[in-house]
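What the coordinates show
Below are the chains, spelled out letter by letter.
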Amino acid sequence: MIKAVFIDIDDTLLTSNREITKETKDAIEKCIKKGIKIILASGRSRKEAIDYQKEFKTSPYIISSNGASCYDITENKEIYNESINKNIVLDLLKYSNENNYKIKLNYKDRLVLNQSFYPDEKDKELPKEELEKIAQKEEVVQCVVSNRELEKMQEFKKYLEENFTEIKIENESKRLKNPELKPSKNYYCDITSKKVSKGNAVKNICEYLKIDTKDIITIGDGENDISMFEVTPNSVAMENAVPQAKQKSKYQTLSNDENGVAIVLEKI
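Predicted model, so just to flag it, every value in this text is computed and none were measured. (Residues numbered from 1 in each chain as written. Predicted model: local features only at pLDDT ≥ 70, side-chain atom pairs only at ≥ 80, totals over all residues. Heavy atoms only, no water.)

Attention now goes to the sheet that holds strand E6 (residues 102–107). The five strands lie next to each other as E7-E6-E8-E10-E9, forming an open sheet whose pairing is antiparallel. Edge positions in the open sheet fall to strand E7 (110–113) and strand E9 (167–172), since each of these has one partner strand only. Averaged over all pairs of adjacent strands, the angle between their axes in this sheet comes to 25°, without regard to strand direction. Relative to strand E10 (residues 187–193), strand E8 (residues 142–147) runs antiparallel, the two being bridged by five bridges. Residue pairing for E10: Val144 is matched across the bridge by Asp190. In this fold helix H4 (residues 86–98) packs onto E6, E8, E9 and E10, with an angle of close to 155° to the strand it touches most, E6. (Pairing = 2+ DSSP bridges. Helix = DSSP H or I, 4+ residues; strand = E, 2+ residues; numbered from the N terminus. Axes fitted to C-alpha atoms, helices over the stretch in contact; angles between N-to-C directions. Contact = heavy atoms within 4.5 Å.)

This is the structure we're talking about:
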């Protein structure tokens, strides 16, 4: 019997227009009423994930920052947290500022950055000195480095590979691996501790809720969702998923623009 469903947000729950369909919202509501927990598992920050949780009316448990943080909203309780070494965060800040990269720091329920690409980010922008203080004082669980130029992000990836062994790129713009894809307005790399994965976070939430992993479903589209697929026999890849995710999943559903998530939820 399925007791919980863990769902990625971008390109899974959300359409290509960054919207959730009425069909998907209705299916979430039906599951919640039947006692099935619907849990968001995202690469986004905790604050962003909580905003979506409120909008979608999903269960009050959040996996954010690609699994670096698990949080119980109702109890205001950190279920799991895996931060990046403070010296590494300072190094990434220094490199980003000196080479004109945008860098976001995710910690607790906050997201701050050194420069904004969009108007709605402007209020999160902080001076270099303040960001350095945060890096030294707070438990930063994720750094998101981005640039508008593909070549600059490829340079950044090389810098990471040559200088660090304790961190990894847990998620990145799809075009960084496949340059033949359509260009984007900017390109990004999500950086976490090497200990982090969405799969490990799913296990922590299941243990916290006393749910067996055979009684859950995981749904996603990206490489960072593969670790979730490996946790349970009930894994589902979106039609728009990357080939590696499709290969690792047991089942497939329609794309994020064709109510793929709603179809899975309706079946259970």
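Our next topic: the layout of surface pockets. Of the voids in this model, the second largest pocket is the one considered here, and its volume is about 160 Å³. Taken together, Ile217, Asn234, Val236, Tyr251, Gln252, Thr253, Ile263, Val264, Lys267 and Ile268 form the lining of the second largest pocket. When residues of the lining of the second largest pocket are traced back to their parent elements, those giving at least two are strand E13 (251–252) and helix H10 (260–267). It is H10 that provides the largest number of residues to the lining of the second largest pocket, a total of three residues. (1 Å grid on protein atoms, 1.4 Å probe; cavity = no way out; pocket = protein on both sides within 12 Å on 5 of 7 lines; lining within 4 Å. Points joined across faces, edges and corners; volume = space filled by probe spheres on them.)

Turning next to the pattern of salt bridges. Scanning the entire structure with this criterion turns up 22 salt bridges. A salt bridge links Lys86 to Glu139, with the shortest nitrogen-to-oxygen separation between them at 3.2 Å. Of this pair, Lys86 sits in helix H4 while Glu139 is found in the loop between helix H5 (128–137) and E8, placing the two residues 53 residues apart along the sequence. Among the ionic pairs, Asp225 bridges to Lys198, the shortest N-O distance being 2.7 Å. Taken as a pair, Asp225 in the loop between strand E11 (216–220) and helix H8 (226–229) and Lys198 in helix H7 (residues 198–209) lie far apart in primary sequence, 27 residues in all. In terms of burial, Asp225 and Lys198 fall into one category: buried. (Salt bridge = Lys/Arg side-chain N within 4 Å of Asp/Glu carboxyl O. Buried < 20%, exposed > 50% of the residue type's maximum accessible area, 1.4 Å probe, protein only.)

What follows is about the side chain of Lys157. Structurally, Lys157 can be placed in helix H6 (residues 150–163). Accessibility expressed as a relative area gives 17% for Lys157, which makes it buried. The contacts of Lys157, once residues within four sequence positions are left out, are Ile169, Glu172, Leu176 and Cys189.

This part takes up the nonpolar core. Generally speaking, a soluble globular protein has its nonpolar side chains buried in company with each other. Counting 29 residues, the largest nonpolar core has Leu92, Leu105, Cys143, Phe156, Leu160, Ile167 and Ile191 as its most contacted members. Of all the secondary structure elements, the ones that give two or more residues to this core are H4, E6, H5, E8, H6 and E10. Setting aside residues no more than four positions away along its own chain, Phe156 makes contact with Leu92, Tyr95, Tyr101, Val145, Cys189 and Ile191. (Core = buried A, V, L, I, M, F, W, Y, C linked by side-chain atoms within 4.5 Å.)

The subject of this paragraph is the sheet that holds strand E1 (residues 4–7). Strand pairing within a sheet occurs via backbone hydrogen bonds; the two strands may be parallel or antiparallel. Reading across from one edge, E5-E4-E3-E2-E1-E11-E12-E13 is the order of the eight strands in this open sheet, with mixed pairing throughout. Of all the strands in the sheet, just strand E5 (77–81) and E13 have a single pairing partner and so form its edges. Note: strand E12 (residues 235–237) against E13, two bridges, orientation parallel. Paired with Ala237 across the two strands is Gln252, which belongs to E13. Packing against the sheet, helix H3 (residues 46–56) makes contact with strand E2 (37–41), strand E3 (61–64), strand E4 (69–72) and E5, and its axis sits at approximately 140° to E3.

One can describe the packing of H4 onto H5 by two numbers: an axis separation of 8 Å at closest approach and a directional angle of 160°. Accordingly, the angle class assigned to the pair H4 and H5 is roughly antiparallel. In this structure, H4 crosses over H5, and the sense of that crossing is right-handed. When H4 is examined against H5, the residues Lys86, Val89, Leu90, Leu93 and Asn97 are found in contact with a partner set consisting of Lys128, Leu131, Glu132, Ala135, Gln136 and Lys137. Grouping the constituent residues of the contact of H4 with H5 by class yields five nonpolar, two polar and four charged. (Parallel < 35°, antiparallel > 145°, perpendicular 65-115°, else oblique. Left-handed = near helix turned anticlockwise from the far one by under 90°. Nonpolar A, V, L, I, M, F, W, Y, C, P; charged D, E, K, R; others polar.)

Moving on, we come to H4. An α-helical segment advances 3.6 residues per turn. Residues three or four places apart therefore align on the same side. Its 13 residues place the ends of H4 18 Å apart at the C-alpha level, agreeing with the 18 Å of an ideal helix rising 1.5 Å per residue. Within H4 the residues assigned to the buried category are Ile88, Val89, Leu92, Leu93, Tyr95 and Ser96. If you follow the buried residues of H4, they end up packed against E6, H5, E8, H6, E9 and E10. The N-cap residue of H4 is Asn85: its side-chain oxygen and the backbone nitrogen of Asn87 are 2.8 Å apart. One or two positions beyond H4, positive phi appears at Asn100, with a value near 60°. (Expected span 1.5 Å × (residues − 1). Polar contact = N/O pair within 3.5 Å; in protein donor to acceptor, adjacent residues only side chain to side chain.)

What the rule picks out here adds up to zero disulfides. Lacking any disulfide linkage, Cys189 is separated from the closest cysteine sulfur, that of Cys143, by 12 Å. We classify Cys189 as buried; its relative accessible area is 0%. Not part of a disulfide, Cys206 finds its nearest cysteine sulfur in Cys70, a span of 10.0 Å. Look at Cys206 and you get buried, because its relative accessible area is 2%. (Disulfide = S-S within 2.5 Å.)

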